[in-house]
Amino acid sequence: MLKSCYTSKLAAVLVLLMIALPAIAGKNWRSEGNSKATKAEACVAPVPEMRRNHMEMIQHQRDLTVHQGIRKTDNSLHGCIDCHANIDDAGKHIPVNAPGQFCSGCHNYVAASLDCFSCHATVPK
Amino acid sequence: MTEKTNLARRNFLSKLPVAAATATIAPGVVLQSTSANAEPRSEAVTSKVRWGMLVNANKCADDCSACVDACDKENGMDIHSMPEGADAENWDQQKPRWIRTVKLKDIQTGHVSKLPMMCQHCEHPPCEDVCPTGASFRRADGVVLVDRHTCIGCRYCMMACPYKARSFIHENVDIKPTLAPRGKGCVESCTFCVHRLDNGQTTTACQDACANEGHHAIVFGDLNDPQSKVAKALKKYPSQQVRDDLKLNPGVYYSGI
């Protein structure tokens, strides 16, 4: 009896975790802060697609831009930063890779390294 | 599908500003405006165009560094500060420099000529030949670039370049320019202001600066277009390529050297 009670409690905790974890993971970084993206109706693709494939889109675009000179595009890193950089109290842009900001917030959470900004600008021009 | 439907419109739009900006001001004199509002490129570059340059060393003034300063400003070298703890003398030699002025003295006659030297955008670039990762490449329109996403910083290209045109970034960069991304461990060199070309402009920063100083020593344009300013100037004036014995067919020509 005692054992089954423990199991059911464990099951309940597990179920709770299963509900809660995706909710934390699905935290909407876009809606926080005061970047252009918070006011925009949509990103360049639906949010689930952006979450999974944004790196592919940026990488594909970088090859087209560097090797073929195609700069008229929705998928540029420049565009990401332009839209997703927040503005601080002094009216200056906060780098997108600063702690808790749009890029680093999620990348830190999933422990995925972020190499773009060793060369690329982190605030809009 | 969407891509296909948009192409015709994009083609139309990308040609529109060029057509509007070209005006004939007198017979044989065509003024081509360099509108910064032109559409960014939406089609891949082709070999129909080959960007090139003619430098008239006779017009290159002593004590003038307008082209170098303009290049530094355009490509963010001016905001690239000396890394902490670096040796000032080393820094002076190692900081990125895409264009520099060179003085040549003829030993026989003592005649000194001065000229700007930068990446010569060869048709057969040795930097591309030696690059182990394919990061050095020649774009279809003749611009020689470094794809810094694939550059591993080995610097073979710097050794292979007969013009000493390339720079290496030794330390982390504090301020990154949007138009010329720059980071530790990669090689870079003159891009013929490729961001301008891709956005519909047809001048380089050095050319504009030289013209603003009133020297007009640099003419830039499409070598393949017989009507372009640079092609006409090349036809009219005698010129030569530096180290033409190497048969690299550079896109930069010099006259008066």
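Look a little higher up for the structure.
So, here is what we can say about the structure in this document. Predicted model only: the values in this text are computed from it and were never measured.

**Description of the overall build of chain A**
- The secondary structure content of chain A amounts to 5 helices and 0 strands.
- In chain A, the succession of α and β elements from N to C terminus is α-α-α-α-α.
- Here chain A holds 125 residues, and the buried ones make up 16% of them.
- Considering only intrachain contacts with a sequence separation of at least 6, the fraction spanning at least 24 residues in chain A is 48%.

**A look at helix H4 (residues 77-84) of chain A**
Residue and element names in this part refer to chain A.
- Taken together, the buried positions of H4 are occupied by Leu77, Cys80, Ile81 and His84. With its buried residues spanning 90° around the axis, H4 presents them on a single face.
- Packed against the buried residues of H4 are helix H2 (36-39), helix H3 (47-68) and helix H5 (102-110).

**Comments concerning the sheet that holds strand E3 (residues 51-56) of chain B**
All names here are of chain B.
- Pairing within the open sheet is mixed, and its 3 strands lie in the order E10-E3-E11. Taken across any chain shown, the strands that pair with only one partner, and hence form the sheet edges, are strand E10 (218-222) and strand E11 (252-255). Between one strand axis and the next, the sheet turns through 20° on average, direction left out of account.
- Bridge analysis of E3 against E10 gives 5 bridges, and the strand direction is antiparallel. If you follow Leu54 over to E10, its bridge partner there is Val219.
- Against the sheet, helix H8 (residues 229-236) touches E3, E10 and E11, its axis set at about 115° to E10.

**A look at the nonpolar core**
- Membership of the largest hydrophobic core comes to 49 residues, with the highest contact counts inside it found for B:Met53, B:Val55, B:Cys67, B:Cys206 and B:Ile218.
- Elements represented by at least two residues in this core include exactly E3, helix H2 (66-74), strand E5 (112-118), strand E7 (144-146), helix H6 (194-198), helix H7 (205-212), E10 and E11 of chain B.
- Within the second largest apolar cluster, 9 residues are counted, among which are A:Ile81, A:Ala85, A:Phe102 and A:Ala121.

**Some words on the pairing of strand E4 (residues 99-105) of chain B**
All names here are of chain B.
- Here 7 bridges tie E4 to E5, and the two strands are oriented antiparallel to one another. Across the sheet, Ile99 pairs through a bridge with Met118, a residue of E5.
- Between E4 and the antiparallel strand that follows it, E5, lie 6 residues; Gly110 among them carries a positive phi value of about 80°.

**Regarding the interface of chain B and chain A**
- Counting from both sides, the interface comprises 21 residues of chain B and, opposite them, 14 residues of chain A.
- Taken together, the residues of the side of chain B that touches chain A break down into 7 nonpolar, 5 polar and 9 charged.

**Section: the packing of H2(B) against H7(B)**
All names here are of chain B.
- H7 packs onto H2 with a crossing angle of 135° between their chain directions and a minimal axis gap of 8 Å. Comparing their axes, H7 and H2 come out oblique. Two packed elements cross with a definite hand, and for H2 against H7 that hand is right-handed. Facing Ala66, Cys67, Asp69, Ala70, Cys71 and Glu74 of H2, the residues of H7 in contact are Ala205, Cys206, Asp208, Ala209 and Cys210.
- Counted by class, the contact of H2 with H7 contains 8 nonpolar, no polar and 3 charged residues.

Conventions used here
- Residues numbered from 1 in each chain as written.
- Chains lettered and ligands numbered in written order.
- Predicted model: local features only at pLDDT ≥ 70, side-chain atom pairs only at ≥ 80, totals over all residues.
- Helix = DSSP H or I, 4+ residues; strand = E, 2+ residues; numbered from the N terminus.
- Buried ≥ 20, exposed ≤ 12 C-beta atoms within 10 Å, placed from the backbone.
- Contact = placed C-beta atoms within 7 Å.
- Arc of directions from axis to C-beta.
- Pairing = 2+ DSSP bridges.
- Axes fitted to C-alpha atoms, helices over the stretch in contact; angles between N-to-C directions.
- Core = buried A, V, L, I, M, F, W, Y, C linked by C-beta atoms within 7 Å.
- Nonpolar A, V, L, I, M, F, W, Y, C, P; charged D, E, K, R; others polar.
- Parallel < 35°, antiparallel > 145°, perpendicular 65-115°, else oblique.
- Left-handed = near helix turned anticlockwise from the far one by under 90°.

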